[in-house]
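Structure at a glance
Chain by chain, the residues run as shown.
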Amino acid sequence: EPEVTQTPSHQVTQMGQEVILRCVPISNHLYFYWYRQILGQKVEFLVSFYNNEISEKSEIFDDQFSVERPDGSNFTLKIRSTKLEDSAMYFCASGTGLAYEQYFGPGTRLT
Amino acid sequence: GESVGLHLPTLSVQEGDNSIINCAYSNSASDYFIWYKQESGKGPQFIIDIRSNMDKRQGQRVTVLLNKTVKHLSLQIAATQPGDSAVYFCAENGKAGTALIFGKGTTLSVSS
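Residues numbered from 1 in each chain as written. Chains lettered and ligands numbered in written order. Predicted model: local features only at pLDDT ≥ 70, side-chain atom pairs only at ≥ 80, totals over all residues. Heavy atoms only, no water.

1. Some words on the pairing of strand β8 (residues 75–79) of chain A
All names here are of chain A. Rules: Only protein chains enter the accessibility calculation, which uses a 1.4 Å probe; a residue whose area is less than 20% of its type maximum is buried, one above 50% is exposed, and one in between is partly exposed. Helix numbering and strand numbering both begin at the N terminus, where a helix is a DSSP run of H or I of at least 4 residues and a strand a DSSP run of E of at least 2. Think of it this way: DSSP has to see at least two bridges between two strands before they count as a pair.
With respect to burial, β8 is a largely interior element, four of its five residues being buried. Strand direction decides the pairing type here: strand β3 (residues 19–24) and β8, joined by five bridges, are antiparallel. Within the sheet, the bridge partner assigned to Leu-21 lies in β8 and is Leu-77. A loop of six residues connects strand β7 (residues 65–68) with β8, the two strands running antiparallel in sequence.

2. Regarding the layout of surface pockets
Condition: Grid spacing is 1 Å over the protein atoms alone, the probe is 1.4 Å, and a cavity is where that probe fits but cannot get out, while a pocket is an open set with protein on both sides within 12 Å along at least five of seven lines and lining residues have an atom within 4 Å of a point. Grid points are joined across faces, edges and corners, and a volume is the space filled by probe spheres set on the points. Gly falls in the polar group here, along with every residue not listed as nonpolar (Ala, Val, Leu, Ile, Met, Phe, Trp, Tyr, Cys, Pro) or charged (Asp, Glu, Lys, Arg).
One number sums up the size of the largest pocket: a volume of about 500 Å³. Lining the largest pocket are 19 residues, with Glu-3, Tyr-103 and Phe-104 of chain A together with Pro-44 and Gln-45 of chain B positioned closest to its centre. At the level of elements, β10 (103–104) of chain A together with β4 (32–38) and β5 (45–51) of chain B are the ones that each hand at least two residues to the lining of the largest pocket. Residue composition of the lining of the largest pocket, by class: nine nonpolar, five polar and five charged.

3. Describing the interface of chain B and chain A
A common way to report how large an interface is uses the accessible area buried once the components associate. Quick note on the threshold: In what follows, a contact means two residues having at least one pair of non-hydrogen atoms within 4.5 Å. Buried area adds together the accessible area that both of two parts lose upon being put together, with accessible area traced by a 1.4 Å probe. When a carboxyl oxygen of Asp or Glu is within 4 Å of a side-chain nitrogen of Lys or Arg, the pair counts as a salt bridge.
Tallying the contact residues gives 23 residues for chain B and 20 residues for chain A. Summing both sides of the interface, chain B and chain A together bury roughly 1700 Å²; the carbon and sulfur share of this comes to 59%. Three residues, Ala-96, Gly-97 and Phe-102 of chain B, lead the burial of chain B against chain A; their summed loss comes to 28% of the area buried on that side. In this structure, the connection of chain B to chain A is made through zero salt bridges. Those elements that place two or more of their residues in the side of chain B that touches chain A are β4, β5 and β9 (86–93) of chain B.

4. Re the sheet that holds β7 of chain A
Residue and element names in this part refer to chain A. Note the cut-off: Here an angle of 0 to 180 degrees is reported between the N-to-C directions of two axes, which are lines fitted to C-alpha atoms, with helices fitted over the stretch in contact.
The four strands are arranged β1-β3-β8-β7 in an open sheet whose pairing can be described as antiparallel. Each edge of the open sheet carries a strand with a single partner, namely β1 (5–7) and β7. With strand direction ignored, the average angle separating the axes of adjacent strands in the sheet is 20°.

5. Some remarks on the state of the cysteines
The test is simple: Two cysteine sulfurs form what is called a disulfide whenever their separation falls within 2.5 Å.
The final tally for this structure, using the stated rule, is two disulfides over all chains. Put simply, Cys-23 of chain A and Cys-92 of chain A are joined by a disulfide, and their sulfur atoms are 1.9 Å apart. A torsion of -65° about the S-S bond marks the disulfide between Cys-23 of chain A and Cys-92 of chain A as left-handed. Here Cys-92 of chain A lies in strand β9 (residues 88–95) and Cys-23 of chain A lies in strand β3, a separation of 69 residues in the sequence. Across the disulfide, Cys-23 of chain B is cross-linked to Cys-90 of chain B (sulfur-sulfur distance 1.9 Å).

Printed below as a string of structure tokens:
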């Protein structure tokens, strides 16, 4: 069964450093999403991406964040200058957009 | 702001019991509701969904009930098993391809 994959599983960085989190969505999906989950809290929406552009973003997704689909398979989230409060699990999800379901990857833990 | 939330943070049941996990939502414009299961260290896993034009939907051992009058959603798990132990989130959105809004989660613990 096709699934969303994410790398790395765990990323350790220092404040002020740039990080890039990578995702490979399900191959026939057209909508891509990033969510995050701070330890013990609910999952929060960051951004959605469709047709090579951001279709929706939350207040969390400020100028420090960017997303890119550099090729036909990868979808990345970049944080330019990490802060302590960026520590969280980051989940990538994808969906067809024709149906409501979104399928989540296993997450990257950013410390 | 509008949000989806769960009534209880934890629920403990015995193996074989039926479990009911509840969720209250506030956005009356929401069209789609989903239950996700999240095991420790993993991403949310889709369990079952329901559209706003339905009030009940059944899957394998799971049933979702939607009461639009009181904006309440519930997940029923029949014959709960130790493998059902996880955090359960309800989520909603108003349109395919848009952001899912998650509730806070209920931790289900199943003892044998």
